[in-house]
Every structure is written in C-alpha cells, then in structure tokens.
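# Descriptive structure summary
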Amino acid sequence: MNRRITSYYRDGLTFDVRDDGPLDGPVAVLLHGFPERGTSWRAVAPLLHEHGIRTLAPDQRGYSPGARPRGRRHYRLPLLVDDVTALAERAGGPVDVVGHDWGAVVGWALAATRPELVRTLTAVSVPHPGAFLKAMLTSKQGLKSWYMLAFQLPILPEQLAQHGRLDEQLEKGGMTSEEVARFRREIVEYGALHGALNWYRAVPLSDPRATRGRVTVPTTYVWSDGDWAIGRASAEACGEHVTGPFRFVELDGVSHWIPEEAPDDLAAAILEQVRG
C-alpha cells in the first residue's frame, strides 16, 4: 500500500486519520484515549518513524466530526472495535496496535476477538478489562475510578467542562497547562466532548463478555506508578489474561499521560515489542 490514508469510512461514518512515516514500513495503529485525539501521539510517532515504522493515528468515534452518532448505544465497545478493524483491514493487516487509556481497551478487545489482524499489542496505562474489573472488587481501584460513575450523568459533565471544572481535574491528574489548553481546543471547542463522554455512558450497555477474552498475540503492557486512574493491583494482574508472550513495563514517577510525558520510554517499549 503506497497511498496515504487521511480518512476512511465505516457504517456511514467518516474517520480522520494521521498517516505518517515511511509508506513501505510496517504499520502501527495508534489509538488515543480520553480526552484526547490522534495528536496525543505527536511525540511518540516520530520516534517510530526513525525506525522505519509507518503510523496511523485515527480520531476515533465521537472525536472525528464525521463520526459522531447521537445516542450512547452507538458507542458500545464492539462498535469501537469494529471501527479499528476497518482501519486495520484498510491498511492490509495484520498491524501492530498501540493504545493508550480507552485506546488500550479497544486494543485489548481487538486482539482478543480478531487476533489475525493484530501482529503485536502494546497497551498503555489501562490493563486488560478482566484485570481491571477484578481490581474494582478487591482493591482501591473503585475509588480511583469514581469519575466513571460521574460521567454517567447527562449534561452536567459537559457543563462543568465548559466552565473549566474538568480542567482542574486533568491538572490534578498530571496534565500540564499546555496539555489542558490543547484539551480545550481539540476536544471542547472542537465539539468532541459529548461523543467522548459517550464511551463511558455506553459501558452499562455493553455485553461484559466482550471484555473477558484472553489475548494470544505478543503483548506489552506499559504502566506508570504515578497514574491517578489505574492502581497497581489491576496493573500487576494484567498478565493473567494474556496467553501469548507478555512483558510488563513499569515507568517510575510518570503520570497517566505517558505518551506526552515519557515518549522516549514508550517508543522504546513499542519498538522492542514490534521488533521482537
């Protein structure tokens, strides 16, 4: 494939894509999390390009202006996975999948359900959903995840974001003022916040079985001990849900925002997995 992919289509939706790096290189699909877009990989992607890797960083469902369906049922996990499946097939798969935060959740589910499309998986910050759910019941993970319940409320989270109250929480979680300003430009002002919140609001509508599959592809999980959202219990249980080759990388003193805060360490972990 020697043409750039700047957008792709699925089920009546149009997704924007940042396609960079050598056209003839192996393809890595970079999946952003909440509340960010494909630009969250801007410090990581060039490091991969230097080693011959082509990167595709889509703005996912709810974020791309052409892919913002109304109603939370349109944001169930299987649909999010199908969106990325279409991109991997368009790229000629199998591809190396890298996902941060919610992007990691999609990566885990894609690897479990369509392993023929995933050459390797690098999940960043968020562990396998099975490990996360277990930790919710057996550790303080439930307290760390209070915001997931708060985001179920209609309208209020959007109103709080408009008045800058969500900015405060992002800063407490480790985002720099520059990144918070980017959030306001690229999410709030761009009209993507409502769709982004629908990823959380659709959780009660998703079949729990969609998150339980074991992963057989070579997998690296990258976690940071300064993560305000993900505790050690779920991080260390992640490997229990991977039957293929598995590597756990822990970063010291780094917050949840690994792609922006530790791009060199993250790129090194991705490269080791891809080359392996």
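Notes on the structure in this doc start here. Not measured: the values here are computed from a predicted model. (Residues numbered from 1 in each chain as written. Predicted model: local features only at pLDDT ≥ 70, side-chain atom pairs only at ≥ 80, totals over all residues. Heavy atoms only, no water.)

Bringing the side chain of T120 into the picture now. Looking at the secondary structure, you find T120 in strand β6 (residues 118–124). Polar side-chain contacts of T120 include one of 2.6 Å to the side chain of D96. Among all residues touching T120, those that are not within four sequence positions of it are V95, D96, V97, P218, Q273 and V274. (Helix = DSSP H or I, 4+ residues; strand = E, 2+ residues; numbered from the N terminus. Polar contact = N/O pair within 3.5 Å; in protein donor to acceptor, adjacent residues only side chain to side chain. Contact = heavy atoms within 4.5 Å.)

Enumeration over the complete set of coordinates arrives at 13 aromatic pairs. Note on Y8 and F15: the rings are 5.0 Å apart at their centroids and 20° apart in plane angle, and the pair reads as stacked. Exposure class is identical for Y8 and F15. Each is buried. Following the ring pairs from residue to residue traces out a cluster consisting of F34, Y63, W102, W146, Y147, F151, W199, Y200 and W228. (Phe/Tyr/Trp six-rings, centres within 6.5 Å; stacked < 30°, edge-to-face > 60°. Buried < 20%, exposed > 50% of the residue type's maximum accessible area, 1.4 Å probe, protein only.)

Looking now at the sheet that holds strand β4 (residues 54–58). The 8 strands lie next to each other as β1-β2-β4-β3-β5-β6-β7-β8, forming an open sheet whose pairing is mixed. Of all strands in the sheet, those with a lone pairing partner are β1 (7–10) and β8 (246–251), marking the two edges. Going from strand to strand, the sheet's axes swing by 20° on average, the running direction of each strand aside. Pairing of strand β7 (residues 219–224) with β8 involves 6 bridges; the strand directions are parallel. Pairing of Y221 across the sheet is with F248, part of β8. Along the sheet face, helix α2 (residues 77–90) touches β1, β2 (13–20), β3 (27–31), β4 and β5 (95–100) and points at about 125° away from the line of β1. Set on the sheet, helix α13 (residues 263–275) makes contact with β5, β6, β7 and β8; between it and β6 the angle comes to about 155°. (Pairing = 2+ DSSP bridges. Axes fitted to C-alpha atoms, helices over the stretch in contact; angles between N-to-C directions.)

Turning next to a nonpolar patch on the surface. Together, L133, M136 and L137 give the surface a local cluster of nonpolar side chains, amounting to about 320 Å² of exposed area. Structurally, M136 is set in helix α4 (residues 129–138). (Patch = residues over 30% accessible without salt bridge, like charges linked within 9 Å, V, L, I, M, F, W, Y side chains within 5 Å. Areas by Shrake-Rupley, 256 points an atom, 1.4 Å probe, with all protein chains shown as cover. Salt bridge = Lys/Arg side-chain N within 4 Å of Asp/Glu carboxyl O.)

Let us now look at the packing of α2 against helix α3 (residues 102–113). Look at α2 against α3: their axes get within 9 Å of each other, and the N-to-C directions meet at 75°. Here α2 is positioned roughly perpendicular relative to α3, judged by the angle of their axes. Together, L77, L80, V81, V84 and T85 of α2 and V105, V106, A109, L110 and T113 of α3 make up the contact between the two elements. (Parallel < 35°, antiparallel > 145°, perpendicular 65-115°, else oblique.)

The element β6 is largely enclosed, with a buried count of 6 among its 7 residues. Note: β6 against β7, 4 bridges, orientation parallel. Opposite L121, over in β7, you have T219 as the bridge partner.

Across the 9 residues of helix α10 (residues 193–201), 8 count as buried, placing the element largely inside the fold. Listed as buried for α10 are L193, G195, A196, L197, N198, W199, Y200 and R201. On its buried side, α10 packs onto α2, α3, α6 (146–150), α7 (156–162) and α9 (177–188).

Right, let's talk about unusual backbone geometry for a bit. Generally, phi is negative for residues other than glycine and the peptide bonds are trans, each holding for most cases. Residue P35 is reached from F34 by a cis peptide bond, and omega for that bond is -5°. With respect to the helices and strands, the residue P35 is situated in the loop between β3 and α1 (45–49). Geometrically, the link from G93 to P94 is a cis peptide bond, its omega value of 5° lying close to zero. Summarising the element assignment, P94 is placed in the loop between α2 and β5. Although it is not a glycine, D101 sits at a positive phi angle of roughly 60°. The backbone phi angle of S125 is positive, close to 80°, even though this residue is not glycine. Within the element layout of this structure, S125 appears in the loop between β6 and α4.

Interaxial distance between helix α8 (residues 165–172) and α9 falls to 10 Å at its minimum, and their mutual angle equals 145°. At the point where α8 passes α9, the crossing takes the right-handed sense. Judged by residue contacts, L166, D167, L170 and E171 of α8 engage S177, V180, F183 and R184 from α9. Of the residues contributing to the contact of α8 with α9, the split by class is 4 nonpolar, 1 polar and 3 charged. (Left-handed = near helix turned anticlockwise from the far one by under 90°. Nonpolar A, V, L, I, M, F, W, Y, C, P; charged D, E, K, R; others polar.)

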